[in-house]
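Chain and residue survey
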Amino acid sequence: MTVPTQDPGYQAAGYQAADAPHQADEVRGNSLGELMRQVTGDLSTLMRQEVELAKAEIRQEGKKAGKAAGLFGGAGFGGYMVALFVSIAVWQFLDNVMDSGLAALIVAVIWAAVAAVLYSMGKKNAERIRGLKQTNDSVQRIPDALKPHPEGVTR
C-alpha cells in the first residue's frame, strides 16, 4: 500500500505524508486493525490537507476579487456621474432641435445600447474566473490513490 500523498505535487506545495511509504514486509507483519488505523490516519491527513489548500485558494482569490470589486465600484460611481451630466447635455442639445420627449427617448436608446455592450463584456469576464483549480485537481486524484496496486509498485 502506498501513502496517497506521495505525489510530487503535494511535496512541492509543502505537504508531507504522515508516514513514509509502507514496504510489503511491514504490511504483512501488521494486524488488519493496525492497517485500518494507518489507512484512516492517512486519509484523515489527506482530507485536512485538501481543506487547507481550498481555504488558502479561496483567501487568495477572494482578496483579488474584493480589490477588483472596490475599484470597479469607484469607477462605476465616477462613470455614473459623467454619464448623467453628458446625458443631460445631449438632451438639452437635442431639445433645441426637436421635441423634448423625442430628445429624451433618443438619449435613453443610446444608454440601452451602452448597457447591452457592458453586459456582454461583463459576461465574458465572468466566464474567465478560474475558481479553485488546484484544489479541484488534487481532489480528483484521491480516488485513484485509494485503488489497490500490485505489491512493490509505488507511485
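Higher on the page you've got the structure.
Summarised in this report is the structure supplied together with it. Given the structure is predicted, the values throughout are model-derived calculations rather than measurements.

**Quick word on the overall build of the protein**
A count of helical and extended segments in the protein gives six helices and zero strands. Listed by position from the N terminus, the elements making up the protein come as α-α-α-α-α-α. Residues counted as buried form 19% of the 155 residues belonging to the protein. A sequence separation of at least 24 residues applies to 62% of the contacts in the protein between residues at least 6 apart.

**Here's the deal with the pattern of salt bridges**
Taken as a whole and assessed by the stated rule, the structure comprises three salt bridges. K55 is the salt-bridge partner of E52, the closest N and O atoms lying 3.6 Å from each other. Of this pair, E52 and K55 both sit in helix α3 (residues 32-97), three residues apart, which is roughly one turn of the helix. Overall, the relative accessible area of 40% leaves K55 in the partly exposed class.

**Thoughts on the packing of α3 against helix α4 (residues 100-127)**
As a packed pair, α3 and α4 sit with axes 8 Å apart at the nearest point and diverge in direction by 145 degrees. Helix-helix and strand crossings are classified by hand; for α3 and α4 the assignment is right-handed. Of the residues in α4, those in contact with A83, S87, V90, W91, L94 and D95 of α3 are S100, A103, A104, I106, V107 and W111.

**Some words on the packing of α3 against helix α5 (residues 133-140)**
Contact geometry for α3 and α5: axes closest at 8 Å, N-to-C directions at 160 degrees. With respect to α5, the element α3 is oriented roughly antiparallel. Considering how the two elements wind past one another, α3 and α5 form a crossing that is left-handed. Together, E50, L53, A54 and E57 of α3 and K133, Q134, T135, S138 and V139 of α5 make up the contact between the two elements. Across the contact of α3 with α5, the residue classes tally to three nonpolar, three polar and three charged.

**Topic: a nonpolar patch on the surface**
Together, L102, L105, I106, V109, I110, W111, V114, V117, L118 and M121 make up an exposed nonpolar region whose accessible area comes to about 880 Å². Inspection of the secondary structure puts W111 in helix α4. With a relative accessible area of 37%, W111 lands in the partly exposed category.

Thresholds, definitions, all that
- Residues numbered from 1 in each chain as written.
- Predicted model: local features only at pLDDT ≥ 70, side-chain atom pairs only at ≥ 80, totals over all residues.
- Heavy atoms only, no water.
- Helix = DSSP H or I, 4+ residues; strand = E, 2+ residues; numbered from the N terminus.
- Buried < 20%, exposed > 50% of the residue type's maximum accessible area, 1.4 Å probe, protein only.
- Contact = heavy atoms within 4.5 Å.
- Salt bridge = Lys/Arg side-chain N within 4 Å of Asp/Glu carboxyl O.
- Axes fitted to C-alpha atoms, helices over the stretch in contact; angles between N-to-C directions.
- Left-handed = near helix turned anticlockwise from the far one by under 90°.
- Parallel < 35°, antiparallel > 145°, perpendicular 65-115°, else oblique.
- Nonpolar A, V, L, I, M, F, W, Y, C, P; charged D, E, K, R; others polar.
- Patch = residues over 30% accessible without salt bridge, like charges linked within 9 Å, V, L, I, M, F, W, Y side chains within 5 Å.
- Areas by Shrake-Rupley, 256 points an atom, 1.4 Å probe, with all protein chains shown as cover.

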